[in-house]
Amino acid sequence: MKFTASHILSIAQFERADIEYIFQVADQMRPYAHRQKLTRVLDGAILGNLFFEPSTRTRISFGSAFNLLGGEVRETTGLSNSALAKGESLKDTARVLSGYSDVIAMRHPDNGSVSEFASASRVPVVNGGDGSNEHPTQALLDLYTIQSELTSQKRSIDRLRIAMIGDLRFGRTVHSLCHLLCLFDKVKVVLISPSELQMPESIVEMMKEAGHQVVVSDQLESNISDVDIVYSTRIQEERFATQQEADLYRGRFRLNQQIYTKYCQPNTVIMHPLPRDSRLSANELDVDLDANPNLAIFRQADNGVVVRMALFALILDVVDQVDAHARPVNWYTPGR
Ligand code: CP
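Residues numbered from 1 in each chain as written. Predicted model: local features only at pLDDT ≥ 70, side-chain atom pairs only at ≥ 80, totals over all residues. Heavy atoms only, no water.

Remarks on the packing of aromatic side chains
The geometry of two aromatic rings is summed up by the distance between their centres and the angle between their planes. According to the stated counting rule, one finds 8 aromatic pairs in the structure shown. Between Phe 62 and Phe 312, the ring centres sit 5.8 Å apart and the planes meet at 55°, which makes this aromatic pair tilted. One end of the pair, Phe 62, is in helix 2 (residues 57-68); the other, Phe 312, is in helix 10 (residues 297-315), and 250 residues separate them in sequence. The pair formed by Phe 62 and Phe 312 is uniform in burial state, with each residue classed as buried. (Phe/Tyr/Trp six-rings, centres within 6.5 Å; stacked < 30°, edge-to-face > 60°. Helix = DSSP H or I, 4+ residues; strand = E, 2+ residues; numbered from the N terminus. Buried < 20%, exposed > 50% of the residue type's maximum accessible area, 1.4 Å probe, protein only.)

As for the sheet that holds strand 2 (residues 46-51)
Spatial strand order, 3-2-4-5: 4 strands in an open sheet with parallel pairing. Here the strands that pair on one side only, and so sit at the sheet edges, are strand 3 (72-77) and strand 5 (125-130). The average undirected angle you get between the axes of adjacent strands in this sheet is 10°. Bridging between strand 4 (residues 103-108) and strand 5 involves 4 bridges; their strand directions are parallel. The partner of Met 106 across the bridge, within strand 5, is Asn 127. (Pairing = 2+ DSSP bridges. Axes fitted to C-alpha atoms, helices over the stretch in contact; angles between N-to-C directions.)

Quick look at unusual backbone geometry
A cis amide bond, omega 5°, links Leu 274 with the succeeding residue Pro 275. Counting through the fold element by element, Pro 275 comes out in the loop between strand 10 (269-271) and helix 10. The phi torsion at Lys 154 lies on the positive side, around 60°, for a residue other than glycine. Topologically, Lys 154 is positioned in the loop between helix 5 (136-151) and strand 6 (161-165). The class for Lys 154 is exposed, based on a relative accessible area of 80%.

Considerations on the side chain of Glu 53
Note that Glu 53 resides in the loop between strand 2 and helix 2. One polar contact links Glu 53 to Arg 172, side chain to side chain, over a distance of 3.2 Å. In terms of polar contacts, Glu 53 uses its side chain to reach the side chain of Arg 239, at 2.7 Å. Setting aside residues up to four positions removed in sequence, Glu 53 forms contacts with Arg 107, His 108, Pro 109, Arg 172 and Arg 239. (Polar contact = N/O pair within 3.5 Å; in protein donor to acceptor, adjacent residues only side chain to side chain. Contact = heavy atoms within 4.5 Å.)

Considering the pairing of strand 5
Within strand 5, 6 of the 6 residues are buried, which leaves the element mostly enclosed by the surrounding structure. A crossover connection joins strand 4 to the parallel strand 5 through helix 4 (residues 113-120); in handedness this β-α-β unit is right-handed. (Right-handed = clockwise from strand over helix to strand, strands pointing away.)

Topic: the pattern of salt bridges
The final tally for this structure, using the stated rule, is 20 salt bridges. Salt bridges here are not isolated pairs; linked through shared partners, they connect Arg 155, Arg 161, Lys 188, Asp 226 and Asp 228. (Salt bridge = Lys/Arg side-chain N within 4 Å of Asp/Glu carboxyl O.)

So this is what it looks like as structure tokens:
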């Protein structure tokens, strides 16, 4: 695809060569994300960061990525804090806010809302999650993490074996990740969920048409022994009609060190888009895994910055200028 001035709305817009190029640019961003050097290539540019649904990682990493490239960030958070609460349409909001920004990142609770917004925007729009539909930048950082974790084990994304666990019906990160895996060869995907929260049939069919092996199950332990990656997800309680309905599924699949040691291969990588639900009633990824070197969840979250820096550099067409604007950092940050 041509990245310059493009919206990033869905994984469906990418081809495999695009993904490989994004990851190459993300690698170029690592010294800047790790504060080994500075660049001000986006000096004067403004990111409109519009989050109409709760977020920690996506909102802050979009903002950090833009700041690390030298740009500034203007934010609005929560529907009730915007004029959408007064009846303004998404398209009017887009017409106005695109006059204030060079690029916009947006999250919204409704499926298709970010595309609707983008259709009226005068600047590129990046989807930070639209309802249960898609979360394309999360899928990109997930796959970047998978590639980086597998490379250290001399394995590749082709022939990947991955188990996706939890709320596969409403989990937009796994929807986008499945789309992305369709660009690769001979993947085995094990889909573990309560039967009521299974992966949408259209996505299962798409993966089969891509030639992938798909296993659907409601059993955790017997299905995690033969995979490279276990990708756990949270019950998306905000998508259920009532809290009581979400409570039916919370805590159904719990991964802890004892289960990992008994059922997983010793080098199985553990991923989760986060937030993990650490309440006792859920505890889908126990904190006793935190000392496990194969727990990649925080490396995964860190990768959100380099992947989003890469997307901004590509969309705003500054990839070739990033290093020309580089200079040393002035400060010392412990732990880097
Ligand atoms: N993974 C993710 O989307 O996290 P946030 O909801 O904190 O942005």
